[in-house]
Structures are given as C-alpha cells and as structure tokens.
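Here are the chains, one letter per residue:
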Amino acid sequence: MSSYLISSARPEGGEPADILVTDGVIASVGAPGTLEAPEGTETVDAAGAVALPGLVDMHTHLREPGHEDAETVETGTRAAAKGGFTAVFAMANSHPVADTAGVVEQVWRLGRDAGWADVHPVGAVTVGLEGTQLSELRAMAESRASVRMFSDDGKCVHDPLLMRRALEYVKSFGGIIAQHAQEPRLTQDAQMNEGTVSADLGLTGWPAVAEEAIIARDVLLTQHVDSRLHVCHVSTAGSVEIVRWAKERGVVVTAEVTPHHLLLTDELVRTFDPVYKVNPPLRTDEDVRALRRAVAEGVIDVVGTDHAPHPAEDKECEWSCAAHGMTGLETALAVVQQTLVDTGLMGWERVAQIMSHRPAEILGLSDQGQKLEPGAPANIVLWNPEGSTTVDPASHVSKGRNSPYRGMNLPGAVRATFYRGHPVVLDGELTTPLAR
Amino acid sequence: MRHLLSTAELSYGEAVQILDTADQMAAVSSRSVKKLPALRGRTVVNLFFEDSTRTRISFETAAKRLSADVINFSAKGSSVSKGESLKDTAQTLMAMSADAVVIRHASSGAPQQLADSGWIDAAVVNAGDGKHAHPTQALLDAMTLRQVRSRRTGTPTTGMDLDGMHVVVVGDVLHSRVARSNVWLLTALGARVTLVAPPTLLPVAMDDWPCEVSYDLDAVLAEAPDAVMMLRLQRERMNAAFFPSEAEYTRGWGLTSQRVQRLEALGAPTVFMHPGPMNRGLEISSEAADSERSTVLEQVSNGVSVRMAVLFQLLSGDESTPYPSEN
C-alpha cells in the first residue's frame, strides 16, 4: 500500500502537525516538517484544515435492499465519504426488512464491496418492524455482520413488554437497543410538531410528550433490567431533561441528535414544502437551543444524521402524502460547525468526540473513532473550516435531493477523507474506493 | 393580489375592497340578466380533490356570471398513492391554458404548494384545504356580517368594516378551516372573536391567535353577541374520543332551542350563522336553523358574490369596478 503525508493539519483543532499514513495505519504524527516519509509518499497539503478521526454515523438509511430508487449502499457510502464519514450504521427499514442474518449479511457485504466506508447493518428489533415478535437478534449478532445495534427505527417499539424483553435479551451478546421514541396513539396521522405553527396550519400535531413519554418509560425499563439503551434523534427540550435525569441516576442510556434538529424549526413548515417533513418533526426554537446545550454538556452523546433520501416524487406532492426524512450525510459536519462550533459551544476536540470517538465507543468499534495517534487505523477527515458554500442538492452524490439546507449558506468543506489509509476523497472530490 | 390562499395574508384594505366588489356583484345577481362580460375568454378550472358540491357549484356560478369558461376537474383521491400527482395534474391544466385554478384539497397547504411550486402560472384560489384555510367562506361570512350591521345601523355596506362586532364561533375549531380563516379575517376587520369549544376540539397552542377562547357557551351567549357561527361537527370525531356522546356535545355546545329562547329573553341581537351543511339536532337545532335570526341562506348567496369578486380581482387585473365602461 501507498503512503501519504498529511502536512500541517490541526489534529482535532490543535497545533499544526504532519500525519504520516502508511499501510492503512497512522505511522507517525509530528511537528510540521519533522517526519521522515518513505520514498514515493504522496503529500497532501492540509494547511488550515482541521484533522478529525473519520466520522461515525450511528443513523443512516441506505435504502438497499428494496428502495434502490432512493439510495443504494454504493451511493449512500459515497455520500458518507464525501461528508467525512468512514463508518455508517444502516437502519433496518429496507425491503425486505433487515430482520434476519441473511439481510444484514447482504448489506454488510454490499458495504464491503463498495469500499467507501464501513457499513454496519442495524438489525430490526421485531420481525418486519411490526412490533409484535422479536427478530432473531442473536443470529444477526453472530452473523458476519456482527450486529450489535438493534432498532425498529421509523417505528417505535411501543409495546412495553416487548421492549423490556428486547433490552434483556441483547445483554447476552453486548447488544444495544436504539429506540425511535414515538408513542403511536399520540401521533396518529401526525404531520408536524404540535404547537402554535400546527395550530395555524391545520396540520395534525406530533406532540413532544409522545417522544418524552416513551423515553421516560424506556430509561426506567433499562434501569430495571440493567441493559443499554440508545435514544435515536432526540428532538425536544423535555427529552433532554429526561435523559439528563436518567444519566444522573446511573442508567446506561446514550442519546443522539440530528444536525437538522440542531438548526431548523417548525416555522419552516409554513412553506408547506415537504422537504421539511421529517420524523421526529422539526420542533421549536426553544427545543433547538436546548438540544445544542445538551450536546455541549454531554447529555446528548452523539450527532447522528438520520440521512433519509427519497425519490423526487415522494417529496414533490402534498404535505400529507409526502415521505418523512431529509438527506444529511454531506452536510452534517457543516451544520455541526455552524450550530456548535461557530456559536462557541464547543471546540473541534468535542466535535471529534460527538461525531467519532463516542459513537465508536457506544458500538464497541475497535477500528473507528480512535485518536489520531501512531498505530491507529488511518480513518481521517480533513475539514476546512474557513469559507462557506451554498448548498445545492443537485451537486450531492447521494441519490436523494431532499436536503432541507437547499439554498442555505453553510460553513466549511471536506478537503479529504482517508478510509483505512486510502484517500476516498481528495481536494473535496471522490477518488476511488478502497480496494480489498 | 396574485392568489387567494388564506385570509391571514389579506390586508384590511384588500379585504374591504373584495367585500365592496362583492356587494356590487350581488347587485348583478339580483338583475334579470345575471351576467357580466368581465372574464369573457378566460378559463377557470375547478380542481376538486375533495367532494364538495356546494362549494364547486358556488364557484362555477360565480365564474359563469362573469362569462368565464369553466372546467370542472374532479380528482378524487390524493397523489402518490392513487394515480396522478398534484404536480402532473397542475401541469396538465396549464397545458390547457387555465387562467385560474380553484382548488379544493383534503391536504392542508396544497393550494400554497400549487402557487409556490412554479408548476403553473395561473392564479390559485383556495376553495378549502384540509384543516388549514377556506378564505372565500370567511369572506362570505364577513359580507353577511356587514349586511347585518348595515340593516341595524341603516348605513350602506360600502367601505364598512366589523369594528366592535362580537362574533362567537362554536364547535370543532381544531379540525375547522372555516374557523381558522374567520379568526384572521374577522379580527382584521375589527371584530372581536370568541371561540367556544370543548378543550379537545381546540388546538393546544393558540398563543398567536387574535381571539378569545372559552369552554362555556352559555357564559358567552349571556354577553348577547352580534353573531354565533356554528361549525359543522363530523360525527366520526366521537370515535376518536374528542367527546363522549353526541347528546353530551349538544347539551354543552349545541345551539339548542333552550339557548335560542334564552337569547330571546335577553333581547339579544344575535344572528345565527352556519357554513353548511348543517347537522340539525347536533350542533344546531331546527328552531335555530329556521329562525329569523338565521343567515344561512344569505351566506349561500353571498358566497357566489364573494367568489365573483375574488375571480374578478385576480383575473381582470383591474381592481376598480366590475362594470364595463359606458362609452
């Protein structure tokens, strides 16, 4: 394999350093100009760029198998690489649902063959995401995909007894249940956040309490059976308080927030443009501020994109007919910079934490999310925090054009992504996948 | 005014102007030849994704009295799941050179999407979208209220607003586009609006609505309001636990004969309004519906006048007078 010398990058925003990458591993890190590179080493000028460990997304919809018109593992992982991610967790709501060892192995293999980023399939908690019968969780855990995270994402495991059993059962192989917290009866026909905007627009409300009630129940169940819970896409100020309370009581709960919930509010729904339709829905300004603070304080552990590409026809229609979800892989780091770094809430070291170290730690990944130190796998994103770009979904490599940031000016840009030592993105453009 | 999508976006001046024009249109409808050449050669499409014979006929009559060509396009069912999408339907209509699209849709926001999407360049008139808005209904209600005031004060309606009038809107506010449109329009015209409903049938967050809210119909009626507008109640709401039984709803929030008698005893000036179709015996008693206080039929005929005014203003490009020049 070849060698790369990343020159004058700022590891996690610190002092400039050179990083020598050889054979997929960080060989050495040192002051600029001090490293001895083997012959044939290619130099990648990273002056001004922040070097972060490759980002790890706990929440991606790659849509394959079954919805290849929306995204494929290939296109989704290209989008991941372009956004600085070197590992993504593919949610189970494919068709067929990823509720068997066969499907998770298929997704895992597609990811490996694509070679743009690690793909970790998420297994469905219940058969067909129907919320009635546990999937063969152990078979998925023992498959080549080594599934550790299970989720019915898109749907809530709302039956309390089933949720309890799932939490208990995964303990035998170190699994974790990732809950999409949405009380189904309280959100029947729900179209947007329930509040002043839904009152004005006459769209059926999705009340905050429908999320908070499930999280409250689940943290108590998790404590009772001494298991691990991950709360997907926390979207309300009230949910933050419940997670905080649970953590203070010692419950093993981790929480995630999406970039869009850190930036956008339900005021956007006044346009009736379905690009803003997402589940959980965009909330209020007060929620956005609470979520940002919660990430800064560590109550929320990670940022997960909930990248949810859809074909145009599923968004170019009436609001109530439109699909839920927004793309996010290619804009996540920019939104995090805008909402958390440029606001002074955190530095790049913490960004590395919430987007790489911590998700890798939660999922027990040994080859992702490590410090940029000699011996670590060379998963590195070089992020140029200067300047800004107007988001043009047509330029995205995801198949999805449903970016809520369309036309917005977002800061920064990915200059390069190294995936296991191979530059899958250079000068902001995709190159070639990792050959195995 | 390019489109008419909701009353929230109408200024005081625009609203009064539409109502003044509507009064002139009403004069046309009372003549033996009920027709103006104003929109001759223009095409109005009634695009109805939701059944509503009354509203469609009202718009159709309005367009025809202005000599426009009318195409009725009834597209039941919604996009994606069933057949053609809103986008394709709209573009098909544009290919037929529609000048105005009157759209009725079960999905809140569909008219605004049509207006904003760039799919079409016709004027869009919202004829009722989901639970969002029904601006021509609110305009015809305002027209009716001006006539009520005019009868009482003996002053002509032209230029009149609703300053100081007390209007009570009763019933299923949560699911009502009529209530939403009336709150904005009537208050913009100076009326005081009180919404009365069981708490289950009110939105949880109404902080920015410029109106009062009460759960107690009798207390509000005791104030002898100028008008009570009863909203149509969908019977199936009971199954979703919005109220325990029809009888209990009627006792609490229906315009029952007892309540009519109490208003009589008070000597209240209150008129009874209803957007129709009425559920007699549920939200409104026959005694109320058939009383001299009822304005239900005036509302229907005002509907045609208001829709004529709206189509005229959107399509003629001339906001002054509907009458052709004498010379």
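Conventions adopted
- Residues numbered from 1 in each chain as written.
- Chains lettered and ligands numbered in written order.
- Predicted model: local features only at pLDDT ≥ 70, side-chain atom pairs only at ≥ 80, totals over all residues.
- Helix = DSSP H or I, 4+ residues; strand = E, 2+ residues; numbered from the N terminus.
- Buried ≥ 20, exposed ≤ 12 C-beta atoms within 10 Å, placed from the backbone.
- Contact = placed C-beta atoms within 7 Å.
- Domains from an automatic or database assignment.
- Nonpolar A, V, L, I, M, F, W, Y, C, P; charged D, E, K, R; others polar.
- Pairing = 2+ DSSP bridges.
- Axes fitted to C-alpha atoms, helices over the stretch in contact; angles between N-to-C directions.
- UniProt positions renumbered as here; feature names shortened; annotations may be inferred.
- Arc of directions from axis to C-beta.
- Parallel < 35°, antiparallel > 145°, perpendicular 65-115°, else oblique.
- Left-handed = near helix turned anticlockwise from the far one by under 90°.
- Core = buried A, V, L, I, M, F, W, Y, C linked by C-beta atoms within 7 Å.
- Expected span 1.5 Å × (residues − 1).

Chemist: With reference to specific residues and values, describe the overall build of chain A.
Modeler: Per the secondary structure count, chain A includes 11 helices and 19 strands. A principal-axis box enclosing the C-alpha atoms of chain A has dimensions of 65 × 45 × 45 Å. Residue burial in chain A is summarised as follows: out of 436 residues, 61% are buried. Contacts in chain A between residues at least 24 apart in sequence constitute 74% of all its contacts with a sequence separation of at least 6.

Chemist: Talk me through the domain arrangement of chain A; I want residue IDs and the actual numbers.
Modeler: All names here are of chain A. Domains assigned within chain A are domain 1 (3-51 + 375-430) and domain 2 (53-363). Taken over C-alpha atoms, the centre of domain 1 sits 26 Å from the centre of domain 2. Each side of the interface is counted separately: domain 1 has 29 residues, and domain 2 has 40 residues. If you tally residues by element for the side of domain 1 that touches domain 2, the top one is strand S17 (residues 409-419), at six residues. Among the residues forming the side of domain 1 that touches domain 2, the class breakdown is 16 nonpolar, nine polar and four charged.

Chemist: Can you explain the sheet that holds strand S14 (residues 253-257) of chain A? Please cite residues and give values.
Modeler: Residues and elements named next belong to chain A. The strand order across the open sheet built from five strands is S9-S10-S13-S14-S15, with neighbouring strands paired in parallel fashion. The two strands at the open ends of the sheet, each matched to only one other strand, are strand S9 (149-150) and strand S15 (302-303). Bridge count between S9 and strand S10 (residues 176-179): two bridges; the pairing is parallel. Looking at the pairing, Met149 lines up with Ile176 of S10. Taken strand by strand, helix H6 (residues 208-225) contacts S10, strand S13 (229-231) and S14, and its axis lies near 165° from that of S13.

Chemist: Now, about the UniProt feature "domain: Aspartate/ornithine carbamoyltransferase Asp/Orn-binding" (unreviewed entry) in chain B: what can you tell me, with residues and values included?
Modeler: Mapped onto the present numbering, the UniProt feature "domain: Aspartate/ornithine carbamoyltransferase Asp/Orn-binding" (unreviewed entry) falls on residues 163-312 of chain B. The distance separating the terminal C-alpha atoms of residues 163-312 of chain B is 26 Å; by composition the span is 37% helix and 13% strand.

Chemist: Go over the environment of Val240 of chain A with me, naming the residues and quoting the values.
Modeler: Structurally, Val240 of chain A is set in helix H7 (residues 237-248). Here Val240 of chain A is in contact with Val234, Ala290, Leu291, Ala294, Val299 and Ile300 of chain A, once residues within four sequence places are set aside.

Chemist: Give me the domain arrangement of chain B: which residues, what numbers.
Modeler: Interfaces are frequently sized by the accessible area removed from exposure as the parts join. Residues and elements named next belong to chain B. When its domains are assigned, chain B resolves into domain 1 (7-133 + 300-316) and domain 2 (135-299). If you list the elements that add at least two residues to the side of domain 1 that touches domain 2, you get helix H1 (12-29), strand S4 (123-129) and helix H11 (296-316). Counted by class, the side of domain 1 that touches domain 2 contains 13 nonpolar, nine polar and six charged residues.

Chemist: Would you mind going over helix H4 (residues 160-169) of chain A in detail, with residue names and values included?
Modeler: Residues and elements named next belong to chain A. Within H4, the full set of buried residues consists of Met163, Ala166 and Leu167. An end-on view of H4 places all buried positions within 100° of arc, on one side of the element. Tucked inside the fold, the buried residues of H4 contact S9, S10, H6 and S13.

Chemist: I'd like a rundown of the packing of helix H5 (residues 135-153) of chain B against helix H6 (residues 177-188) of chain B, residues and numbers included.
Modeler: Residues and elements named next belong to chain B. Here H5 crosses H6 at 55°, and the two axes come no closer than 8 Å. Between H5 and H6, the interaxial angle falls into the category oblique. With respect to the hand of their crossing, H5 and H6 are arranged in right-handed fashion. Taking contact as the criterion, the partners of Pro135, Gln137, Ala138, Leu139, Asp141 and Ala142 in H5 are, on H6, Val178, Ser181, Asn182, Leu185 and Leu186. Residues of the contact of H5 with H6, tallied by class, amount to seven nonpolar, three polar and one charged.

Chemist: For the nonpolar core, give the residues involved together with the corresponding values.
Modeler: Within the largest apolar cluster, 240 residues are counted, with the highest numbers of intra-cluster contacts made by Val101 and Leu311 of chain B. With 10 residues, the top contributor of residues to this core is H11 of chain B.

Chemist: How would you sum up unusual backbone geometry? Please name residues and give values.
Modeler: What you tend to see is this: most non-glycine residues have negative phi, and most peptide bonds are trans. In this structure, Pro280 of chain A follows Asn279 of chain A across a cis peptide bond, with omega equal to -5°. With respect to the helices and strands, Pro280 of chain A occurs in the loop between helix H8 (259-263) and helix H9 (285-297). Here Gly276 of chain B and Pro277 of chain B are connected by a cis peptide whose omega angle stands at -10°. Tracing the chain through its elements places Pro277 of chain B in the loop between strand S9 (271-273) and helix H10 (286-289). Even without a glycine there, the phi angle at Arg63 of chain A is positive, about 70°. Note on placement: Arg63 of chain A falls in the loop between strand S6 (55-60) and helix H1 (73-82). Residue classification places Arg63 of chain A among the buried residues on the basis of 27 C-beta atoms within 10 Å. One non-glycine residue, Ser97 of chain B, adopts positive backbone phi at about 60°.

Chemist: Let's hear about the pairing of strand S18 (residues 422-426) of chain A: which residues, and what values?
Modeler: Residues and elements named next belong to chain A. Counting buried positions along S18 gives four out of five residues, so the element sits mostly inside the fold. In this structure, S17 lies alongside S18, joined through three bridges in antiparallel fashion. Paired with Tyr419 across the two strands is His422, which belongs to S18. Hairpin geometry of S17 and S18 is characterised by an intervening segment of two residues between the two adjacent antiparallel strands and by a positive phi of about 50° at Arg420. Pairing of S18 with strand S19 (residues 429-430), which is carried by two bridges, proceeds in the antiparallel orientation. Considered in S19, the bridge of Val425 is made with Leu430. With antiparallel pairing between neighbouring strands as the criterion, S18 and S19 make up a hairpin whose turn holds two residues, including Asp427 at a positive phi of roughly 50°.

Chemist: Please provide a residue-by-residue account of the pairing of S17 of chain A, values included.
Modeler: In this structure, strand S16 (residues 380-390) of chain A lies alongside S17 of chain A, joined through eight bridges in antiparallel fashion. The partner of Thr389 of chain A across the bridge, within S17 of chain A, is Leu410 of chain A.

Chemist: How would you explain the sheet that holds strand S7 (residues 85-90) of chain A if you had to name every residue and give the values?
Modeler: Residue and element names in this part refer to chain A. Strand order in the open sheet formed by three strands is S6-S7-S8, and the pairing between neighbours is parallel. The open sheet terminates on both sides in strands that have one partner only, identified here as S6 and strand S8 (118-121). Ignoring strand direction, the axes of neighbouring strands in this sheet form an average angle of 20°.

Chemist: How would you summarise H11 of chain B if you had to cite specific residues and measurements?
Modeler: Residues and elements named next belong to chain B. End to end, H11 covers 30 Å across 21 residues, agreeing with the expected 30 Å (1.5 Å per residue, within 8%). Extensive coverage of H11 is indicated by the burial of 16 of its 21 residues. Where H11 terminates, the next one or two residues include Gly317, which has phi positive at roughly 70°.

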